[in-house]
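Tertiary structure, described
Okay, here's what each chain looks like letter by letter:
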Amino acid sequence: EDNMADRDNPTYGLSAEVASKIASKSDPGLEAEARAFIEARIGSKIAGDFGDALNDGTVLCKLANAIKPGCIRKVNSSKLAFKKMENIGFFLGVLPGFGVKAVDSFQTVDLYEKMNIPQVVLPLLALKRALK
């Protein structure tokens, strides 16, 4: 069960130190670590702003399929808002199967509206740790 109170106060899943850093807003080091993780997995560079690059969900779907080929069968290339949000939802849907806890996840709107990119970085780093 996803409890919003738990999401806003991640007392497990990440160390308290990292959680407090993220709570104090964006951490360029963590974002760079997440970017490097994705680039290494998908075999190509992510250009420009991190939030913009992930916004349509295609890079995240490519990441999921690089980890487990075919886990996301249909990746939308459409620029329609609901298709972009569907891609993000596909990625969020496979995270539990990769060992990422719900508390370490994000809401589609965090990424789609670029409201909370630091929260988007959390599950990417949790995924990196889960795959070690």
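Conventions adopted
- Counting restarts for each chain: residues are numbered from 1 in the order of the written sequence.
- Under the rules for a predicted model, residues below a pLDDT of 70 receive no local features and side-chain atom pairs below 80 are neither given nor counted, while totals for whole chains, interfaces and linings still include all residues.
- The basis for every side-chain value is the complete set of heavy atoms in the structure, and neither hydrogens nor water enter the calculation.
- In this description a helix means any DSSP run of H or I spanning at least four residues, a strand means any run of E spanning at least two, and both kinds are numbered starting from the N terminus.
- Residue burial is assigned from relative accessible area. The probe radius is 1.4 Å, only protein chains are included, and a residue is buried under 20% of its type maximum, exposed over 50%, and partly exposed in between.
- It only takes one pair of heavy atoms within 4.5 Å for two residues to be counted as in contact.
- Areas reported here follow the Shrake-Rupley algorithm with a probe of radius 1.4 Å; residue values treat only the protein chains shown as occluding.
- A fitted line through C-alpha atoms represents every axis, and for helices the fit uses only the stretch in contact; the resulting angles, taken between N-to-C directions, go from 0 to 180 degrees.
- In what follows, roughly perpendicular refers to angles from 65 to 115 degrees, roughly parallel to angles under 35, roughly antiparallel to angles over 145, and oblique to any angle outside these ranges.
- The crossing is said to be left-handed when, going from far helix to near helix, the turn is anticlockwise and less than a right angle, and right-handed when the turn is clockwise.
- Our working definition of a disulfide is a cysteine sulfur pair at a distance within 2.5 Å.
- Given the number of residues in a helix, its expected span is that number minus one, multiplied by 1.5 Å.

1. So, the overall build of the chain
Within the chain, the secondary structure is distributed over eight helices and zero strands. Ordered by position from N to C terminus, the α and β elements of the chain give α-α-α-α-α-α-α-α. Burial statistics for the chain: of 132 residues in total, 42% are counted as buried. Considering only residue pairs separated by 6 or more positions, the chain has 54% of its internal contacts joining residues 24 or more positions apart. Accessible area for the chain stands at about 7100 Å²; split by element, carbon and sulfur atoms hold 54% of it.

2. Some words on the packing of helix α5 (residues 58-67) against helix α6 (residues 81-94)
Two elements in contact, α5 and α6, have axes separated by 8 Å at closest approach and are oriented at 30 degrees. By the angle class used here, α5 and α6 are roughly parallel. Once α5 is placed against α6, the crossing between them reads as left-handed. Contacts from Thr58, Leu60, Cys61, Leu63 and Ala64 in α5 reach Asn87, Phe90, Phe91 and Val94 in α6.

3. Thoughts on the state of the cysteines
Under the defined criterion, the tally for this structure stands at zero disulfides. With no disulfide of its own, Cys61 lies 8.4 Å from the sulfur of Cys71, the closest cysteine sulfur. Judged by its relative accessible area of 0%, Cys61 is buried. In this structure Cys71 comes out as partly exposed when scored by relative accessible area, which is 24%.

4. So, unusual backbone geometry
The backbone of Lys114 sits at a positive phi, close to 50 degrees, despite the residue not being glycine. You can see Lys114 is positioned in the loop between α7 (108-112) and α8 (117-130).

5. Quick look at the side chain of Glu39
Considering the arrangement of structural elements, one finds Glu39 in helix α3 (residues 28-42). Here Glu39 is in contact with Ser44, Lys45 and Ile46, once residues within four sequence places are set aside.

6. Structural notes on the side chain of Asp110
Assignment of secondary structure puts Asp110 in helix α7. The class of Asp110 is buried, set by a relative accessible area of 11%. Look past the residues within four positions of Asp110 in its chain and what remains in contact with it is Met115, Asn116, Ile117, Gln119 and Val120.

7. Things to note about α8
With 14 residues, α8 extends 20 Å from end C-alpha to end C-alpha; this agrees with the ideal 20 Å at 1.5 Å per step. Counting buried residues along α8, eleven of its 14 residues qualify, which places the element largely inside the surrounding structure. Those residues of α8 that sit buried are Ile117, Pro118, Gln119, Val120, Val121, Leu122, Pro123, Leu124, Leu125, Ala126 and Leu127.

8. Side note on the environment of Ile67
Note on placement: Ile67 falls in helix α5. Using a relative accessible area of 18% as the deciding quantity, one classes Ile67 as buried. Along the chain, Ile67 and Arg41 lie 26 residues apart, while their C-alpha atoms are 7.3 Å from each other. In this structure Ile67 touches Arg41, Phe98, Leu127 and Leu131, once residues within four positions along its chain are discounted.

None of this, on its own, says anything about what the molecule does.
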